[in-house]
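Fold and contact review
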Amino acid sequence: MSRMKSRRIAKNRNEMYESTFEDRGVKEIRQYTTPRFRNPSQEDLDRIPTITYYWSNGDRLWHLASKYLGDQTLWWIIARLNNKPTEAHFEEGDEVKIPTNTAVALEVLS
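In this report, the structure presented in the accompanying data block is examined. (Residues numbered from 1 in each chain as written. Predicted model: local features only at pLDDT ≥ 70, side-chain atom pairs only at ≥ 80, totals over all residues. Heavy atoms only, no water.)

Topic: the packing of aromatic side chains
The test is simple: In this scheme Phe, Tyr and Trp rings, the latter by its six-membered ring, pair at centre separations within 6.5 Å, and the angle between planes marks the pair as stacked below 30 degrees, edge-to-face above 60, and tilted otherwise. Helical segments are the DSSP runs of H or I of at least four residues, strand segments are the runs of E of at least two, and each set is numbered from the N terminus.
Applying the stated rule across the entire model yields 2 aromatic pairs. For the pair Tyr 53 and Tyr 68, a centre-to-centre distance of 6.0 Å together with 65° between the ring planes defines the contact as edge-to-face. Here Tyr 68 lies in helix 3 (residues 61-69) and Tyr 53 lies in strand 3 (residues 50-54), a separation of 15 residues in the sequence.

As for helix 3
Side chains three or four residues apart in an α-helix point the same way, a direct result of the helix having 3.6 residues per turn. Counted only if it meets this: Whether a residue is buried, partly exposed or exposed follows from its accessible area with a 1.4 Å probe, protein chains only, as a fraction of its type maximum: under 20%, in between, or over 50%, in that order. What the arc covers is the set of directions going from the helix axis to the C-beta atoms. Residue contacts follow a heavy-atom distance rule, with two residues in contact if any of their heavy atoms lie within 4.5 Å.
Of all the residues in helix 3, the buried ones are Leu 61, Leu 64, Ala 65 and Leu 69. Projected onto a plane normal to the axis of helix 3, the buried residues spread over an arc of 100° and lie on a single side. Check the buried side of helix 3 and you find it contacts strand 3, helix 4 (75-81), strand 4 (95-99) and helix 5 (102-109). Just past helix 3, the residue Gly 70 takes up positive phi, approximately 80°.

Here's the deal with the nonpolar core
In plain terms, the rule: Joining through side-chain atoms within 4.5 Å is the link that ties buried Ala, Val, Leu, Ile, Met, Phe, Trp, Tyr and Cys residues into a set, and such a set is a nonpolar core.
Counting 19 residues, the largest nonpolar core has Ile 48, Leu 69, Ile 78, Val 96 and Leu 109 as the members making the most contacts within it. Every residue in contact with Ile 78, bar those within four places of it in the chain, is listed here: Leu 61, Leu 64, Ala 65, Leu 69, Val 96, Lys 97, Ile 98 and Pro 99.

Quick look at unusual backbone geometry
For Asn 83, which is not a glycine, the phi torsion comes out positive at approximately 55°. For Asn 83, the position within the fold is in the loop between helix 4 and strand 4. A relative accessible area of 69% means that Asn 83 is categorised as exposed.

Side note on the side chain of Asp 59
Test applied: As used throughout, the charge tally considers Lys and Arg to be positive and Asp and Glu to be negative, leaving His and the chain termini uncounted. Should a side-chain nitrogen of Lys or Arg be within 4 Å of a carboxyl oxygen of Asp or Glu, the pair is scored as a salt bridge. Pairing of N or O atoms within 3.5 Å defines a polar contact, subject to two protein rules: one partner must be a possible hydrogen donor and the other a possible acceptor, and residues neighboring in sequence count only if both atoms are side-chain atoms.
Positionally, Asp 59 belongs in the loop between strand 3 and helix 3. Here Asp 59 sits buried without a salt bridge, and the closest side chain of opposite charge, Arg 60, lies 7.4 Å off (N-O distance). Separated by 2.8 Å, the side chains of Asp 59 and Tyr 53 make a polar contact. If we ignore the near neighbours within four places in the chain, the residues touching Asp 59 are Tyr 53, Tyr 54 and Glu 87.

Some thoughts on the pattern of salt bridges
Tallied over the full model, the rule gives 5 salt bridges. With its nearest N and O atoms 2.7 Å apart, the salt bridge here joins Arg 47 to Glu 107. Of this pair, Arg 47 sits in the loop between helix 2 (42-46) and strand 3 while Glu 107 sits in helix 5, and the two are 60 residues apart along the sequence. Here Asp 94 makes a salt bridge to Lys 84, at a shortest N to O gap of 2.8 Å. On the criterion of sequence distance, the pair formed by Asp 94 in the loop between helix 4 and strand 4 and Lys 84 in the loop between helix 4 and strand 4 is long-range, its members being 10 residues apart. With relative accessibility at 22%, the residue Lys 84 sits in the partly exposed group.

Quick notes on a negative patch on the surface
Worth spelling out the cut-off: Patch membership is restricted to residues that have no salt bridge and whose relative accessible area is over 30%. Joining uses 9 Å for like charges and 5 Å for the nonpolar side chains Val, Leu, Ile, Met, Phe, Trp and Tyr. For the area figures, the Shrake-Rupley method with a 1.4 Å probe applies, and any residue is considered shielded solely by the protein chains shown. Here the site of a charge means atom NZ of a Lys, CZ of an Arg, CG of an Asp or CD of a Glu.
A surface patch of like charges, here negative, comprises Glu 15, Glu 18, Glu 22 and Asp 23. Residue position: Glu 18 is located in helix 1 (residues 18-24).

With respect to the side chain of Asp 94
Under the relative-accessibility criterion, Asp 94 is labelled buried at 18%. For Asp 94, the residues in contact, after removing those within four places along its chain, are Tyr 53, Tyr 54, Trp 55, Lys 84 and His 89.

These results come straight from atomic positions and should not be treated as a statement about function.
Below, the structure written as structure tokens:
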């Protein structure tokens, strides 16, 4: 199932995009809304069992997710758990928490 099927669709009528509307011959553009995540409490985060990994030059979140979680599309779990949204936010030697129980991580972080 596509992850987009559960997303809400918003109608964008912002006048900032007026020239885009004219170019496309439409009055609005339909867009998927951004999902909203709740910020888990420290108590909730502590429920997620983790191992520690140290960031190395050239590491990628998707690669770590593939190696440790078995699914590269779950890279966002590692990013969210460490409060660093992209690889650019990690520096060599940073301690990275990697969940060992994906089901608990999804429950807490989704």
